[in-house]
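What follows is the residue order along each chain.
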Amino acid sequence: MSQASAARLVAERPVPTDPRPWSFPSFDRYDVAGSRVVAAHLPGKPLAVVSLVVDAGAIAEPRGKEGVALLLAATLAEGTRDRDAYSLAVAAERLGASWRADVDWESLRCGFEVPVGDVRAATELLAETVRDAALADDAIERVRSERLDDLSIDMSQPGARASMEFAKQLFAEDSRYSRPDGGVVDTVAGLTPDDVRAFHAGRVGPAGATLVVAGDLTDVDVRELGRIVFEGWSGAESSPVSTTATAHPAGSRVVLVDRPGSVQSMLYVGHEAPARRTPDYVAMTTMALALGGMFNSRLNYRLREDKGYTYGAFGGFDCRRDGGVFVARAAVQSEVTAPALTTLVNELTLMREAGLTADELEHARNYRAGIFPINFAGPGAVASGLGDLVVHGHPDDHFDRLRADILAVGLDAVNQAAADRLHTDRLLCVVVGDAASIGDELRATGIGSVEVVNDGG
Amino acid sequence: MPTLPHYPFTLHTLDNGLRLVVSEDHLAPVVAVNVWYDVGSRHETPGRTGFAHLFEHLMFQGSRNVGRNDHFGLISAAGGTLNGTTWCDRTNYYETVPAHHLETALWLEADRMGGLLDALDQQNLDNQREVVKNEKRQTRDNQPYGRWLELLHEHGFPQGHPYQHSTIGSMADLDAASLEDARAFYATWYAPDNAVLSVVGDVDPAAVLDAAQRYFGGIPAKGSFPEPPPSDAPPVIGTEVRMHVPDRVPLPRTFIGYRCPPFGTPDFDAVEMLSTVLGGGRGSRLYKALVLDRPLLQPPDGNVLSAWPFVGGASLLIADLPAREGVDPAELEAAYHEVAASIAEGVTEAELERARALVTSDWLHHLATVEGRADTFSQFTTLFDDPGLVNDMLPRVLAVTADDVMRVAREVVREDNRVVLVFEPEPALDDEAAA
């Protein structure tokens, strides 16, 4: 008998004790100088986050200027009227504050995480950075060329390459969603300093901005932070924007992006999806969690744990304020590209036709509801959640209500969502891999027509 | 300087040698459970590279009382997260769960600590071997620049040094791994007296100790463990190692690795401060010179320079230098060396203040979550037998002086102590693009 099996172990799985109650951290909304501040008090946290959420996301970009929002975000830190980029960086870093500026479809978000004692000083720097941004020609031109280098690196990575091709093939040419939220080489290369300054002037102002604060606010005057950012700021009157326009092709098809010499193939399979406000949002996303959003999801179980084709397979909805996508993805060993794609498509079809089991639903519900206190543990996550409330116009009790809705969603609703929201009759299957070795096999799967495109896009 | 938090903890050693660290934090109803085993890739022997990591995968395939998919299944159904990782100096396993599921996590960890072999079979091994090979393909072989860390390890440490091979191992060794190898590995390393269990969160320490006794107390101690292969290394490499690596990449990118003192020594603390002054953040010397003043360096996602914490004889200080389009990597490298050399000539108090503030924030961020804190308690207890370093490590780094920084700069940032890897686009790629 080996030593290990001599262990005395408790055979019965423990029974959990009673759950302790949790709710999303309470927060307050303030009107300050005609603008909005949202602040959550997180007692005992040594770090705080102060962030400006601006209605200047990628969907607000003018046609042909795709990427200008991210270029603006990246250029903000390059100096103000009074300070050059280096002085600005040192001023923040001497507080222990690191600058973050990101763009998603709906918003531009920028700010600092900082030891809570210096949250006021960091807010002053945030206000200066956003309001008094220098946006000088040479800085914009340098950051634009850095962005172009970033994009060429992205194109060499199978995942980013697949994502870009998926968007390009799925959405109509005139939809903003046909290009990544950071733009593409052609559009970024054409951006001028005037474009960046015009976007700043047109979209970044007190009317379209909300200041989000998350941290231990015991010694923090939140209204004062709001005044620092908003008082005396006259700027853009942002107007609502709209996008989408998806291509709805008939039938499924395969787009094979040739990447010679690849030892794996990157699979991106999916279609368009409804916007965040869809009434069956909870049902469809809970279904998607069981399909591809957890380690024990069907996709990961089948492609990784059962077949060993991949290090991981995932799938889910990206529901935006306007429209969205469903994508299932996996990087698979080249030799098994065709069987892996067939297996993946079969799992989607099975889910659409037969739905979840009651056990799978219970598992997904419990996971998704249980994870809230873990996901919202820190100031960064809480600030991000508050930013989402702002962007989507959710009510104050949104997260607690969402959690209750998840726990209440039933099998009929979830399986109806699988039938309604998975379109296995018109899948777009993007494969990034070595076309010479996998092309014929992909044609033989019968999933759909196979179009080969050059790696360079 | 912000007031630094003091994290309370208790340390108990069970009769079987398992060290238990418990730290209360009642801010949220969650708890992190974290186990470090004192075995990593540095304990592997030639022909068995990648084994510690492959074995980590097998730890998720069920054990005596836990079904094959139940580890992930039970934790996710509890509303928790989990994973495991392998690195040169350790293998760790961790769960974060709502606090009322604490005992589920302890039970799962105990069952695989004491009863893995009851479930380990050829099918699990064969499946996870394929998963790991795909992990290697996905994260290294099929990624631009994917081989950089492997090459720095290979050339930054002496022949036969246990850090010379990568944690992921070689395809040939992975293929050769047998079920017997796996059983022997477990019998050699997986035991309570080679492990640290940390529990951080909304818990009562007395109840945690009681539960730990119940779940882990019946697992016998092993008593002794093989010494890892000798890890002594001369303080410097002795010569510059320079490699040109043609790869499927769009732009040149240079990685420079310096051998440096091991993690846990005061000199490593000084190297950490050096890396922040020189290459941490937008206000660092390197960022200013190579990004803001002259457009030579593509701003990397992380820091330009970072100190990697290894305990076995030597660590690495690593510079990541992606060249801008059209910039000759030789020009970038020359400019880099000029700035890097300047540190030995002097460091200002203002530079140190900036670096101290950044190091402090990074550390507070790292310890902000219960899972980050649990992992750090396990780390310091495993590597240095001192969980109190969770509170004491940062003050130690903050006490580093300008003289310390200049001294380690002279000792580490030297031409005869660096591995220079220059990744350059393969000519074939350009030909294809033109065709």
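Here the residue index of a chain counts from 1 through its sequence in written order. As they are written, the chains are lettered A onward and the ligands numbered 1 onward, keeping that order. Residues qualify for local features only when their pLDDT is at least 70, as the model is predicted, and side-chain atom pairs are given and counted only at 80 or more; totals for whole chains, interfaces and linings, by contrast, use all residues. The side-chain values count all of the structure's non-hydrogen atoms but skip hydrogen atoms and water molecules.

## Quick notes on the overall build of chain B
Point 1. Looking only at helices and strands, chain B features 16 helices and 11 strands.
Point 2. It is over C-alpha atoms that the radius of gyration is taken, and the globule rule equals 2.2 Å times the number of residues to the power 0.38. In terms of overall size, chain B behaves like a compact globule, its C-alpha atoms giving a radius of gyration of 23 Å where 435 residues would be expected to give roughly 22 Å.
Point 3. Dimensions of chain B along its principal axes, counting C-alpha atoms only, are 60 × 55 × 40 Å.
Point 4. With 435 residues in all, chain B has 63% of them scored as buried.
Point 5. Taking contacts inside chain B between residues at least 6 apart in sequence as the whole, the part at least 24 apart equals 82%.
Point 6. Of the roughly 14,900 Å² of accessible surface on chain B, 51% is carried by carbon and sulfur atoms.
Point 7. Residues counted as positive are Lys and Arg, residues counted as negative are Asp and Glu, and His and the chain ends are not counted. Where a charge sits is defined by one atom per residue type, namely NZ (Lys), CZ (Arg), CG (Asp) or CD (Glu). Distance between charge centroids for chain B: 2 Å, based on 33 positive and 63 negative side chains. For the purposes of this entry, the term helix denotes a DSSP run of H or I that reaches at least four residues, the term strand denotes a run of E that reaches at least two, and both are numbered from the N terminus. Residue burial is assigned from relative accessible area. The probe radius is 1.4 Å, only protein chains are included, and a residue is buried under 20% of its type maximum, exposed over 50%, and partly exposed in between. Any two residues whose heavy atoms approach within 4.5 Å at even a single point are treated as in contact. Surface accessibility in these figures is a Shrake-Rupley result with a 1.4 Å probe; residues are shielded only by whichever protein chains are displayed.

## Quick word on the interface of chain B and chain A
Point 1. Contacts between chain B and chain A engage 85 residues on the former and 75 residues on the latter.
Point 2. Buried area between chain B and chain A, summed over both chains or domains, comes out near 6,900 Å², and the portion from carbon and sulfur atoms is 56%.
Point 3. Just to be clear on terms, a salt bridge is a Lys or Arg side-chain nitrogen sitting within 4 Å of an Asp or Glu carboxyl oxygen. Connecting chain B to chain A are 5 salt bridges.
Point 4. For Asp149(A), the salt bridge is made with Arg324(B), and the minimal N-O distance between the two is 2.8 Å.
Point 5. Definition of a polar contact: a pair of N or O atoms within 3.5 Å, with one able to donate and the other able to accept a hydrogen when the atoms are protein atoms, and with sequence-neighbouring residues admitted only if both atoms are side-chain atoms. Counting across the chain B and chain A interface gives 38 residue pairs in polar contact (both at pLDDT 80 or more).
Point 6. Examining the composition of the side of chain B that touches chain A, we find that 9 residues originate from one element, helix 4 (residues 122-141) of chain B, more than from any other.
Point 7. Class assignment for the residues of the side of chain B that touches chain A results in 35 nonpolar, 30 polar and 20 charged. The quantity reported as buried area is the accessible area (1.4 Å probe) lost by two parts once they are put together, taken as the sum for both. Amino acids outside the nonpolar list (Ala, Val, Leu, Ile, Met, Phe, Trp, Tyr, Cys, Pro) and the charged list (Asp, Glu, Lys, Arg) are all regarded as polar, and Gly is one of them.

## Here we look at the domain arrangement of chain A
Residue and element names in this part refer to chain A.
Point 1. Note that domain bounds follow an automatic or database assignment of domains. Once the domains are mapped, chain A shows domain 1 (28-230) and domain 2 (253-389 + 402-453).
Point 2. Here domain 1 and domain 2 have C-alpha centroids that lie 30 Å from each other.
Point 3. Across the boundary between the two partners, domain 1 contributes 30 residues, which contact 35 residues of domain 2.
Point 4. Of the roughly 2,400 Å² buried between domain 1 and domain 2 on both sides combined, carbon and sulfur atoms contribute 68%.
Point 5. Considering only the side of domain 1, the residues that lose the most area to domain 2 are Arg109, Phe166 and Gln169, jointly responsible for 24% of the buried surface there.
Point 6. Taken together, the connections running from domain 1 to domain 2 amount to 2 salt bridges.
Point 7. Between Asp55 and Arg321 there is a salt bridge whose closest N-O contact spans 4.0 Å.
Point 8. On inspection of domain 1 and its partner domain 2, the count reaches 7 residue pairs in polar contact (both at pLDDT 80 or more).
Point 9. Residue assignment for the side of domain 1 that touches domain 2 shows that the elements contributing at least two residues are strand 2 (35-41), strand 3 (47-54), strand 5 (108-115), helix 5 (158-170) and strand 6 (209-215).
Point 10. Taken together, the residues of the side of domain 1 that touches domain 2 sort by class into 18 nonpolar, 4 polar and 8 charged.

## Considering the side chain of Thr123(A)
Point 1. Its location among the elements puts Thr123(A) in helix 3 (residues 119-131).
Point 2. Other than its neighbours up to four places away in sequence, Thr123(A) contacts Val50(A), Leu225(A), Ile228(A) and Val229(A).

## Regarding helix 5 (residues 148-156) of chain B
Point 1. Among all positions of helix 5 of chain B, only Leu149(B), Leu151(B), Leu152(B), His153(B) and Gly156(B) are buried.
Point 2. Where helix 5 of chain B is buried, its residues touch strand 4 (81-87), strand 7 (241-247), strand 8 (253-260), strand 9 (305-308), strand 10 (315-322) and strand 11 (418-425) of chain B.

## A look at the sheet that holds strand 2 (residues 19-24) of chain B
Residues and elements named next belong to chain B.
Point 1. Here a strand pair is declared whenever DSSP counts at least two bridges between the two strands. Taken together, 6 strands build an open sheet; the order of strands is 1-2-6-3-5-4 and the sheet is mixed. Each edge of the open sheet is held by one strand with a lone partner, namely strand 1 (10-13) and strand 4. Sheet twist, expressed as the mean angle between neighbouring strand axes with direction ignored, is 15°.
Point 2. The pairing of strand 3 (residues 30-37) with strand 5 (residues 90-98) spans 8 bridges and is antiparallel. Looking at the pairing, Val35 lines up with Tyr93 of strand 5.
Point 3. Where helix 2 (residues 70-77) meets the sheet, it contacts strand 4 and strand 5, and its direction lies at approximately 135° from that of strand 4.
Point 4. The strands that helix 8 (residues 205-216) touches are strand 1, strand 2 and strand 6 (195-201); relative to strand 2, the one it contacts most, it runs at about 150°. To define axes, lines are fitted to C-alpha atoms, for helices over the stretch in contact only, and angles between the resulting N-to-C directions are given on a 0 to 180 degree scale.

## Some words on the sheet that holds strand 5 of chain A
Residue and element names in this part refer to chain A.
Point 1. Ordered by their spatial adjacency, 6 strands build an open sheet running 1-2-6-3-5-4, and the pairing between neighbours is mixed. Where the open sheet ends on each side, the last strands, each with one partner, are strand 1 (27-32) and strand 4 (98-103). Neighbour-to-neighbour, the strand axes of the sheet open up by a mean angle of 15°, direction not taken into account.
Point 2. Bridge analysis of strand 3 against strand 6 gives 6 bridges, and the strand direction is antiparallel. Residue Val50 lies in a different strand from strand 6, and its bridge partner there is Val213.
Point 3. Across the sheet, helix 3 lies against strand 3, strand 4, strand 5 and strand 6, angled at about 155° from strand 5, the strand it touches most.

## Some thoughts on the environment of Val222(A)
Point 1. For Val222(A), the location among the structural elements is in helix 8 (residues 222-230).
Point 2. Along the primary structure Val222(A) and Arg304(A) are separated by 82 residues, whereas in three dimensions their C-alpha atoms are 49 Å apart.

## Here's the deal with the nonpolar core
Point 1. Leu341(A), Leu317(B) and Tyr336(B) are the most contacted members of the largest nonpolar core, which totals 142 residues.
Point 2. The element best represented in this core is helix 9 (residues 281-293) of chain A, accounting for 9 residues.
Point 3. Non-local contacts of Leu341(A), meaning those with residues more than four positions away in its chain, are made with Val254(A), Leu267(A), Val269(A), Cys429(A), Val431(A), Leu442(A) and Ile447(A).
Point 4. Core analysis: the next-biggest nonpolar cluster, separate from the first, contains 75 residues, Val143(A), Val222(A), Val325(A) and Val432(A) among them. Working definition of a nonpolar core: buried Ala, Val, Leu, Ile, Met, Phe, Trp, Tyr and Cys residues. They are joined through side-chain atoms within 4.5 Å.

## Some thoughts on the domain arrangement of chain B
All names here are of chain B.
Point 1. The domain boundaries assigned to chain B delineate domain 1 (10-216) and domain 2 (241-434).
Point 2. A straight line from the C-alpha centre of domain 1 to that of domain 2 covers 28 Å.
Point 3. Tallying the contact residues gives 36 residues for domain 1 and 37 residues for domain 2.
Point 4. At the boundary of domain 1 with domain 2, total buried surface from both sides reaches about 3,200 Å², with 71% on carbon and sulfur atoms.
Point 5. Among the residues domain 1 hides against domain 2, the three largest losses belong to Trp36, Tyr145 and Leu152. Together they make up 24% of the total.
Point 6. Along the contact surface separating domain 1 from domain 2 lie 2 salt bridges.
Point 7. Of all elements in the fold, only strand 2, strand 3, strand 5, helix 5 and strand 6 reach the threshold of two or more residues within the side of domain 1 that touches domain 2.

## Considerations on the state of the cysteines
Point 1. The rule for a disulfide is simple: a pair of cysteine sulfur atoms within 2.5 Å. The full count for this structure, using the stated rule, is 0 disulfides over all chains.
Point 2. Looking at the unpaired Cys429(A), the closest cysteine sulfur is the one in Cys319(A), lying at 20 Å.

## Description of unusual backbone geometry
Generally, phi is negative for residues other than glycine and the peptide bonds are trans, each holding for most cases.
All names here are of chain A.
Point 1. Residues other than glycine seldom take positive phi values, yet Ala33 does so here, at roughly 50°.
Point 2. Take Ala33: it is sitting in the loop between strand 1 and strand 2.
Point 3. Judged by relative accessible area, Ala33 falls into the partly exposed class, the value being 47%.

## Focus on the pairing of strand 9 of chain B
Residues and elements named next belong to chain B.
Point 1. The alternating pattern of strand 9 places Leu305 and Ala307 on a buried face, while none of Ser306 and Trp308, on the opposite face, is buried.
Point 2. Bridging between strand 9 and strand 10 involves 4 bridges; their strand directions are antiparallel. Bridging across to strand 10, Ala307 finds its partner in Leu317.
Point 3. Connecting strand 9 to the next strand, strand 10, in antiparallel fashion are 6 residues, including Gly313 with a positive phi near 90°.

## Some details on the environment of Asp181(A)
Residue and element names in this part refer to chain A.
Point 1. Within the secondary structure, Asp181 is located in the loop between helix 5 and helix 6 (185-189).
Point 2. By relative accessible area, which is 27% here, Asp181 ends up partly exposed.
Point 3. For the pair formed by Asp181 and Val222, sequence separation is 41 residues and the distance between their alpha carbons is 32 Å.

## Some words on the side chain of Ser63(B)
All names here are of chain B.
Point 1. Inspection of the secondary structure puts Ser63 in the loop between helix 1 (51-58) and helix 2.
Point 2. In this structure Ser63 comes out as buried when scored by relative accessible area, which is 4%.
Point 3. A distance of 2.7 Å separates polar atoms of two side chains, one belonging to Ser63 and the other to Asp111.
Point 4. Dropping the residues within four chain positions of it, Ser63 is found in contact with Asp111, Arg112, Gly115, Leu116 and Ala119.

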